[in-house]
Amino acid sequence: MTNARRPVRQERSEAQRQPMPVVAVTGAASGLGHALTARLASSRHVRKVIAIDAQRGDIAGVTWRVADVRDPALAGRLAGVDVVVHADFDLAPDSDARARRAFNVRGAQTVLTAAAAGRVGRVVLVTSAMVYGARPENEVPLSEQAALAADVDHSVAGDLLEVEQLARRSPRANPGLAVTVVRPAALVGTEPYAVDTLVTRHFEAPRLLTVKGCAPRWQFCHVDDLTSAIEFAVSGGIDGGFAVGCDGWLEQDDVEQISGLKSIELPARLTFGTVQRLHQVGVTPAPAMDLRYVVYPWVVDCAALREAGWHPAFSNEAALRVLLEQRKGKHAVAGRRLARKEAAATITAAGATVAVIGTAAIVRRARRRHKS
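**As for the overall build of the protein chain**
Turning to step 1, where the next piece is worked out: On a plain count of helices and strands, the protein chain comes out with 13 helices and 15 strands.
Turning to step 2, where the next piece is worked out: Looking at the 372 residues of the protein chain, the share that counts as buried comes to 53%.
Turning to step 3, where the next piece is worked out: Sequence separation of 24 or more characterises 78% of the internal contacts of the protein chain that already satisfy a separation of 6 or more.
Turning to step 4, where the next piece is worked out: Working note: accessible area of the protein chain is about 16,600 Å², and carbon and sulfur atoms make up 50% of it.

As structure tokens, then:
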């Protein structure tokens with residue numbers, strides 16, 4: 001579903017009247033990097049786009065420079081660049097945690113160092129509002145200045161928290177290099193920019209899991225809005241870090257009414273304990289801490305963009321409908337994608353219960369396979 005309303009922009013500020021920048025985008029051949037490169041290629045606020053990836057992509061009208069973001073030789077690919085947007089992150093739920101952490105942290109570190117060596121003025125790092133952490137006691141909404149309270153673990157949020165620590169240390173290590181951190185809410189997108197995360201897979205389950213005593217609140221960010229906000233930032237519309245997301249949030253009842261999905265409520269200790277055991281034996285891709293992001297709130301007040309005059313084109317309801325359209329034909333339980341035959345055998349009216357509680361037989365079988 002497309003929302004017809006375009007982002008509202010303020011009049012160009014004094015900063016925006018400066019010469020248009022040359023912008024480099026990492027991860028330009030696919031995913032978010034591809035979406036951003038395509039948008040900037042047609043932007044009247046950008047002079048030139050340098051597309052950086054390990055392989056050449058299909059976007060015309062940009063300059064392709066083939067490079068691995070972990071290679072120190074990246075500095076040589078940034079000649080003449082004013083702003084680097086680093087969007088080359090591995091956030092896939094099924095990625096090996098150690099390999100993913102090594103790629104994400106090493107890539108961000110190399111981009112920051114290479115940008116400083118190449119005399120780039122500004123680096124924009126695209127992380128996630130997940131770094132604020134998801135907890136039952138979170139204020140709704142959180143301030144953008146709230147503490148980054150995600151758990152320091154092997155989750156995707158843990159990766160991004162370490163990247164943000166690099167960003168905070170960068171001014172001391174690289175004087176003269178400005179760093180902007182962009183934190184989108186739960187991402188959704190339409191083809192070819194459909195998003196696959198633990199949050200989107202939550203909506204591929206037969207029922208929506210909730211834990212007793214805490215109702216989740218839902219805030220989304222459409223890829224189109226994220227790329228629009230980044231374009232606004234690189235053209236001088238806003239300085240400093242900021243969050244991006246739809247205005248407000250949806251209550252669980254709203255989500256159930258819009259999606260037509262029912263929820264199932266389970267005790268927190270049983271839920272997290274079971275999911276962690278499933279993860280330890282390789283049945284589910286994500287650790288139990290990742291489950292917090294679908295049962296506890298992490299809504300952020302995107303005040304910086306709003307005060308700068310930018311507003312999202314998508315509402316939370318419109319973004320959720322996009323997600324629901326993308327879920328058709330897909331089935332997941334506890335974050336694990338199921339093949340068609342497996343789904344037919346597993347997904348029943350009590351599928352969510354089976355996925356989280358009725359796991360004794362699954363765990364035993366997984367342990368036997370693990371030992372063999």
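Structure shown, so let's carry the discussion forward.
**A look at the packing of aromatic side chains**
Turning to step 1, where the next piece is worked out: The full count for this structure, using the stated rule, is four aromatic pairs.
Turning to step 2, where the next piece is worked out: With centroids separated by 5.1 Å and ring planes inclined at 65°, the aromatic side chains of Phe203 and Trp218 adopt a geometry described as edge-to-face. Residue Phe203 is found in the loop between α4 (198–202) and β8 (208–211), and its partner Trp218 is found in strand β9 (residues 217–218); the two are separated by 15 residues along the sequence.
Turning to step 3, where the next piece is worked out: Judged by relative accessible area, Phe203 falls into the buried class, the value being 0%.
Turning to step 4, where the next piece is worked out: In this structure Trp218 comes out as buried when scored by relative accessible area, which is 3%.
Turning to step 5, where the next piece is worked out: An aromatic cluster is present here, built from Phe203, Trp218 and Phe220 joined pairwise through their rings.

**Brief notes about helix α2 (residues 97–117)**
Turning to step 1, where the next piece is worked out: The terminal C-alpha atoms of α2 lie 30 Å apart, and with 21 residues this matches the ideal 30 Å at 1.5 Å per residue to within 8%.
Turning to step 2, where the next piece is worked out: Its buried side turned inward, α2 meets β1 (22–26), β4 (83–86), β5 (122–126), α3 (156–173) and β6 (178–184).
Turning to step 3, where the next piece is worked out: Backbone nitrogen of Arg98 and a side-chain oxygen of the N-cap are separated by 3.2 Å at the start of α2; the cap is Asp96.
Turning to step 4, where the next piece is worked out: Within two residues after α2, Arg119 carries a phi angle of roughly 60°, on the positive side.

**Quick look at the pairing of β1**
Turning to step 1, where the next piece is worked out: Most of β1 is tucked away, with five of its five residues classed as buried.
Turning to step 2, where the next piece is worked out: Both faces of β1 are covered, namely the face carrying Val22, Ala24 and Thr26 and the face carrying Val23 and Val25.
Turning to step 3, where the next piece is worked out: As paired elements, β1 and strand β2 (residues 48–53) share five bridges and run parallel to each other. Its bridge partner being in β2, Val22 is matched across the sheet by Lys48.
Turning to step 4, where the next piece is worked out: In this fold, the crossover linking β1 to β2 by way of helix α1 (residues 31–41) has right-handed handedness.

**Considerations on the pattern of salt bridges**
Turning to step 1, where the next piece is worked out: In this structure the tally under the stated criterion is 14 salt bridges.
Turning to step 2, where the next piece is worked out: Note that Asp151 and Arg135 form a salt bridge whose closest N and O atoms lie 3.5 Å from each other. Within this pair, whereas Asp151 is found in the loop between β5 and α3, its partner Arg135 is found in the loop between β5 and α3, the two being separated by 16 residues in sequence.
Turning to step 3, where the next piece is worked out: Assessed through its relative accessible area of 26%, Asp151 is described here as partly exposed.
Turning to step 4, where the next piece is worked out: A salt bridge links Arg292 to Asp151; the shortest N-O distance between them is 3.9 Å. With Arg292 in helix α8 (residues 292–295) and Asp151 in the loop between β5 and α3, the pair connects residues that are 141 residues apart, well separated along the chain.
Turning to step 5, where the next piece is worked out: Each of Arg100, Arg101, Asp159 and Glu162 takes part in salt bridges that share partners, so that together they form one network.

**Quick notes on the sheet that holds β1**
Turning to step 1, where the next piece is worked out: An order of β3-β2-β1-β4-β5-β6-β11 is seen for the seven strands of this open sheet, with the pairing classed as parallel. The open sheet has two free edges, formed respectively by β3 (63–66) and β11 (242–244), since each of these has just one partner strand. Looking at each pair of strands side by side, their axes are set apart by 20° on average, direction ignored.
Turning to step 2, where the next piece is worked out: Looking at chain direction, β4 and β5 are connected through four bridges and run parallel.

**Re the nonpolar core**
Turning to step 1, where the next piece is worked out: With 73 residues, the main nonpolar core has Leu78, Phe203 and Phe220 as its most contacted residues.
Turning to step 2, where the next piece is worked out: When residues no more than four places from it in sequence are discounted, the contact partners of Phe220 are Ala185, Ala186, Val188, Phe203, Gly245, Cys246, Leu250, Asn316, Ala319, Leu320 and Leu323.

**Describing unusual backbone geometry**
A negative phi holds for most residues other than glycine; trans holds for most peptide bonds.
Turning to step 1, where the next piece is worked out: Residue Pro141 follows Val140 across a cis peptide bond; omega there is 0°.
Turning to step 2, where the next piece is worked out: By the secondary structure assignment, Pro141 is in the loop between β5 and α3.
Turning to step 3, where the next piece is worked out: Between Glu191 and Pro192 the backbone carries a cis peptide bond, its omega angle lying at 5°.
Turning to step 4, where the next piece is worked out: In this fold, Pro192 is placed in the loop between β7 (186–188) and α4.

**Some thoughts on the side chain of Arg292**
Turning to step 1, where the next piece is worked out: Taking relative accessible area as the criterion, Arg292 reaches 18% and is therefore assigned buried.
Turning to step 2, where the next piece is worked out: Setting aside residues no more than four positions away along its own chain, Arg292 makes contact with Ala134, Arg135, Asp151 and Phe272.

**A closer look at the confidence of the model for the protein chain**
Turning to step 1, where the next piece is worked out: With 81% of its residues at a pLDDT of 70 or more, the protein chain shows a mean pLDDT of 86.
Turning to step 2, where the next piece is worked out: Under a pLDDT of 50 for its full length, residues 1–5 has, in the predicted model, ten contacts with residues more than four places off or in other chains.
Turning to step 3, where the next piece is worked out: Low pLDDT, under 50, characterises residues 8–16; the stretch is placed with 25 contacts to residues that sit more than four places away or in other chains.

Conventions adopted
- Residue numbers restart at each chain and count upward from 1, following the sequence in its written direction.
- Note on the predicted model: pLDDT of at least 70 is required for a residue's local features to be given, and 80 or more for side-chain atom pairs to be given and counted; whole-chain, interface and lining totals, by contrast, use all residues.
- By convention in this description, side-chain values take in all heavy atoms of the structure and omit both hydrogens and water.
- Runs of H or I in DSSP of at least four residues are treated as helices and runs of E of at least two as strands, each being numbered from the N terminus.
- For every residue, the accessible area obtained with a 1.4 Å probe (protein chains only) is divided by the maximum for its type, and the residue is called buried under 20%, exposed over 50%, and partly exposed between those limits.
- Contacts between residues were defined by any pair of non-hydrogen atoms, one from each residue, lying within 4.5 Å.
- Calculation of accessible area relied on Shrake-Rupley with a 1.4 Å probe; when residues are assessed, cover is drawn exclusively from the protein chains displayed.
- Put simply, two rings from Phe, Tyr or Trp (the six-membered ring, in Trp's case) pair if the centres are within 6.5 Å, and we call them stacked under 30 degrees between planes, edge-to-face over 60, tilted for the rest.
- How far a helix is expected to stretch is found by multiplying one less than its residue total by 1.5 Å.
- Two N or O atoms count as a polar contact when they lie within 3.5 Å, although within protein this holds only if one can serve as hydrogen donor and the other as acceptor, and sequence-adjacent residues are included solely when both atoms are side-chain atoms.
- Strand pairing is assigned whenever DSSP identifies at least 2 bridges connecting the two strands.
- Orient the strands so they point away from the viewer; a crossover is then right-handed if the path from the first strand over the helix to the second runs clockwise.
- Any carboxyl oxygen of Asp or Glu that lies within 4 Å of a side-chain nitrogen of Lys or Arg is treated as forming a salt bridge with it.
- Here an axis means a line fitted to C-alpha atoms, over the contact stretch when the element is a helix, while the angle between two N-to-C directions is reported on a 0 to 180 degree scale.
- Within this scheme, the nonpolar core is defined by two criteria: the residues are buried Ala, Val, Leu, Ile, Met, Phe, Trp, Tyr or Cys, and they are joined through side-chain atoms within 4.5 Å.
- Per-residue confidence from the predictor is reported as pLDDT, which spans 0 to 100.

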